[in-house]
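What the coordinates show
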Amino acid sequence: METTSNSSDFIREIVKEDLQAGKVQQVVTRFPPEPNGYLHIGHAKSICINFEIAKDFNGKTNLRFDDTNPLKEDVEYVNAIKEDVAWLGFTWDGLFFASDYFEEMYDRAVVLIKKGNAFVDDLSAEEIRQTRGTLTEPGQNSPFRDRTVEENLDLFARMRAGEFKDGEKVLRAKIDMSSPNINLRDPVIYRIAHATHHNTGDKWCIYPMYAFAHPLEDAIEGVSHSLCTLEFKDQRPLYDWVIRECEMPHISHQYEFGRLSLTDTIMSKRYLKKLVDEGVVDGWDDPRMPTISGLRRRGFTPESIRTFVRELGVTVGSGEVDYKMLEHYIREDLKLKAPRTMGVIRPLKVVITNYPEDQVELLDAEVNPEVPEMGTKQIPFSREIYIEQDDFMEVPAAKYFRLFPGNEVRLKNAYFIKCHDVVKDENGQVVELHCTYDVETKSGSGFTGRKVKGTIHWVDAKSAVPVEFRLYESLLTGSKEDGDFIDRMNPNSLEVVHGYVGADLQTAQPQDKFQFFRHGYFNVDPKDSTPEHKVFNLIVSLKSSFQIK
RNA sequence: UGGGGAGUCGCCAAGCGGUAAGGCAACAGACUUUGACUCUGUCAUGCGAAGGUUCGAUCCCUUCCUCCCCAGCCA
């Protein structure tokens, strides 16, 4: 279930005003990822904002790869990003690469040089850093700042021609070394990198920097509202400077919103990559990862993510959202979509001693009690079943109304059973229960003779399908005060358990989602699940107000 | 410290001078063949602080405090 929110936000207000004032004829936004890693839930926010705002105003949205740094980028990432955006449910109007515009960017840099607004600098990276000044002190002009236009033109052409080594020269914008905004202190706009680019191969050995390339990309595509996160706020004057000084015919404007943070969640691409590279997780799509592909494998739906993001709103605040809020939206979505079924995660065998030895009966069960239209199915029941270990206590805790010696409970969709004997192994561990059932209490029979407090789930032992359950917790524990990510890794983020599901799940397919009664929502793992050995990923557990004290 | 941004319930977030929406979480109760769902209640005399303007301020002014971002030839 996806909600439609008609609430506005400060960006939509700006767009509305621009349209009304005639400043903008056509709304064009873009999602501009750098293909240097996989997309995560934070990017999902940006994707939703860009696509949905454009849609609200009958505009267009481009998917544009900001591939200006060949050292970090790879086609593997561009393919993954395309898949993730599409899976989230968005269709881009134009598919572009910053590298499509390298030639024009070069030409615009030449325009800058000719106007005396850019110069080739021989200073080393270290020297540039040292002369940039500090937060409180202005920087110093480079000794190469006053080279003639002719010399700059010649040097820049030779940079492109490959006459210089990496780091030997850069092209810098000539703005103001004493600006209180450090981004305006003659920022580097081109650097030399003799590296093979995933798109342009070895055609180029100089690459534009983000601050120079991004505004040009937007202007070239006719982007009307360039939406980015808050940390780019200080770049805005530079963004406007580049478009103006490069004499771009279309003028784009940048607006910033607060990025998404989630509790106990790593949102740093750099660190996520590290987890992948070091094998801490099973790749970018490990179900514990906050990546789009990880959430997909975990079992989240695109609708739940979109609704979550929409309900978050668009603001300039920078808070940390409770992961419980994301969980709420996936529960809400799956509540009406996921078939109900029974699975026993930690099995305890129960023998129903008064049930005929070789009898098997089929019981009716609703596919989803909340959605009668989903119909019913039949599940087998016989003398031996498995129940959850947690659903039995030899010495019951306070307010415990599940199974214990002498107590009667309802078996979901089946009969009342009462526990008579407890079988233990040599260590005193309970290994089996002997119960009796009451044939009159059959589910659906309308029996009202007596009531029981508890209903527990079960799986018929004979037809049970052994499966693997993967139970997840967040990758991090504690809070920021507890240290860096490395100190906060949760050792229990994955627990693998072997149990049983009913025969009705024999045909479950990868990515099928179910609600196991009284447990939670699970997804059939698409990577490790086979027809013979099914793996179920815990998406989110059901809420519970009961705690054994 | 210079520049930029933000401070409304535990979290997110409306509010745009007329007397604090909503969602998440939490708690209490009802219902229950999921201790789920659903339903019903409770949950900021208060909007970072202190002054001021005003009949009236979360919204305007002043000062102060706290947090986040910027000193990559990353994006």
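As a starting point, this report considers the structure included with it. Everything quoted here is computed from the prediction, not taken from an experiment.

1. Focus: the packing of helix α4 (residues 102-114) against helix α6 (residues 149-160)
In a packed pair of helices, the relevant descriptors are the angle between the two axes and the axis-to-axis distance. As a packed pair, α4 and α6 sit with axes 9 Å apart at the nearest point and diverge in direction by 160°. Classified by the interaxial angle, the pair formed by α4 and α6 is roughly antiparallel. Pair α4 / α6 crosses with right-handed handedness. Contact residues: Glu103, Tyr106, Ala109, Val110, Ile113 and Lys114 in α4; Val149, Asn152, Leu153, Phe156, Ala157 and Arg160 in α6.

2. With respect to the protein's contact with RNA strand B
Around RNA strand B lies a shell of 60 residues, among which Phe401, Arg402, Lys412, Ser443 and Gly444 are the nearest. The separation between a base nitrogen of RNA strand B and a polar side-chain atom of Gln515 is 2.7 Å. Sort the elements by how many residues they give to the surface near RNA strand B and helix α12 (residues 323-337) lands first, with five residues. Its residues placed into classes, the surface near RNA strand B shows 22 nonpolar, 17 polar and 21 charged.

3. A short note on the pairing of strand β9 (residues 253-257)
Of all five residues that make up β9, four are buried, and the element is covered over most of its length. Note that the unit made of strand β8 (residues 225-229), helix α8 (residues 236-245) and β9 has a crossover that is right-handed.

4. Examining the sheet that holds strand β6 (residues 188-192)
Spatially, β4-β5-β6-β7 is the arrangement adopted by the four strands of the open sheet, whose pairing is antiparallel. Of all strands in the sheet, those bounded by a partner on one side alone are β4 (118-121) and β7 (206-208). When the angles between neighbouring strand axes are averaged without regard to direction, this sheet yields 20°. Pairing geometry for β6 and β7, over three bridges, is antiparallel. Looking at β7, one finds that Ile192 is bridged to Ile206. In the packing of α4 onto the sheet, the strands contacted are β4, β5 (170-173), β6 and β7, and the crossing angle to β6 comes to about 120°.

5. Observations regarding a negative patch on the surface
A surface patch of negative charge is lined by Glu481, Asp482, Asp484 and Asp487. Assignment of secondary structure puts Asp482 in the loop between β21 (465-472) and α13 (485-488). Look at Asp482 and you get partly exposed, because its relative accessible area is 46%.

6. As for empty space enclosed by the protein
Evaluation of the coordinates by the stated rule reveals two cavities of 30 Å³ or more. Space inside the largest cavity adds up to approximately 140 Å³. Looking at the largest cavity, it is lined by 18 residues, and the ones nearest its centre are Met342, Ile379, Trp458, Gly502 and Asp504. For the lining of the largest cavity, the elements supplying multiple residues, two or more each, are β10 (340-341), β13 (360-366), β14 (376-382) and β20 (458-460). A class-by-class count of the residues in the lining of the largest cavity yields nine nonpolar, four polar and five charged. Lining the second largest cavity are Tyr210, Ala211, Gln235, Leu238, Tyr239 and Gln254. For the lining of the second largest cavity, the secondary structure elements donating two or more residues are α7 (210-221) and α8. Broken down by class, the residue content of the lining of the second largest cavity amounts to four nonpolar, two polar and no charged.

7. Details of the environment of Glu256
Relative to the assigned elements, Glu256 resides in strand β9. Sequence spacing of Glu256 and Leu230 is 26 residues, and the spatial spacing of their C-alpha atoms is 5.0 Å. Ignoring sequence-local partners within four residues, the contact set of Glu256 consists of Phe10, Cys228, Thr229, Leu230, Phe232, Lys233, Arg236 and Val316. Within the local environment of Glu256, its side chain forms a polar contact with the side chain of Gln254, the two groups lying 3.0 Å apart.

Definitions and limits used
Within any chain, residue numbers begin from 1 and follow the written order of that chain's sequence. Chain letters and ligand numbers both follow the written order, the letters beginning at A and the numbers at 1. Reporting in this predicted model follows two pLDDT cut-offs: at least 70 for local features of residues, and 80 or more for side-chain atom pairs to be given and counted; totals over whole chains, interfaces and linings ignore these cut-offs and use all residues. With hydrogens and water set aside, each side-chain value is computed from the structure's full complement of heavy atoms. With axes taken as lines fitted to C-alpha atoms, and helix axes fitted only over the stretch in contact, angles between N-to-C directions fall between 0 and 180 degrees. Only runs of H or I of at least four residues qualify as helices and only runs of E of at least two qualify as strands under DSSP, and these elements are numbered from the N terminus. Should an angle lie under 35 degrees it is considered roughly parallel, over 145 roughly antiparallel, and from 65 to 115 roughly perpendicular; all remaining angles are considered oblique. Helix crossings fall into two classes, left-handed where the near helix is turned counterclockwise from the far one by less than a right angle and right-handed where it is turned clockwise. Should any heavy atoms of two residues lie within 4.5 Å, those residues are counted as being in contact. Near residues are defined by distance, with any heavy atom within 4 Å of the molecule or strand qualifying the residue. Polar contacts, as used here, are pairs of N or O atoms within 3.5 Å; protein pairs need one atom able to donate a hydrogen and one able to accept it. Residues neighboring in sequence count only if both atoms are side-chain atoms. Classes in brief: Ala, Val, Leu, Ile, Met, Phe, Trp, Tyr, Cys and Pro nonpolar; Asp, Glu, Lys and Arg charged; the others, Gly included, polar. Each residue's exposure class comes from its accessible area (1.4 Å probe, protein chains only) as a fraction of the maximum for that residue type: buried when under 20%, exposed when over 50%, partly exposed otherwise. The crossover handedness rule: strands pointing away from the viewer, path from first strand over the helix to second strand clockwise, crossover right-handed. When DSSP locates at least two bridges between a pair of strands, those strands are taken to pair. Each patch groups residues whose relative accessible area exceeds 30% and which form no salt bridge, using 9 Å between like charges and 5 Å between nonpolar side chains of Val, Leu, Ile, Met, Phe, Trp and Tyr. Every accessible area reported is derived by Shrake-Rupley at a probe size of 1.4 Å, with residue values counting cover from the shown protein chains alone. Salt-bridge detection follows one rule: a side-chain nitrogen of Lys or Arg within 4 Å of a carboxyl oxygen of Asp or Glu. Charge counting follows a simple rule: Lys and Arg are positive, Asp and Glu are negative, and His as well as the terminal groups are ignored. One atom stands in for each charge, and that atom is NZ of Lys, CZ of Arg, CG of Asp or CD of Glu. Cavities and pockets are found on a 1 Å grid laid over the protein atoms alone: a cavity is a set of points where a 1.4 Å probe fits but cannot escape, a pocket is an open set with protein on both sides within 12 Å along at least five of seven lines, and a lining residue has an atom within 4 Å of such a point. Grid points are joined across faces, edges and corners, and a volume is the space filled by probe spheres set on the points.

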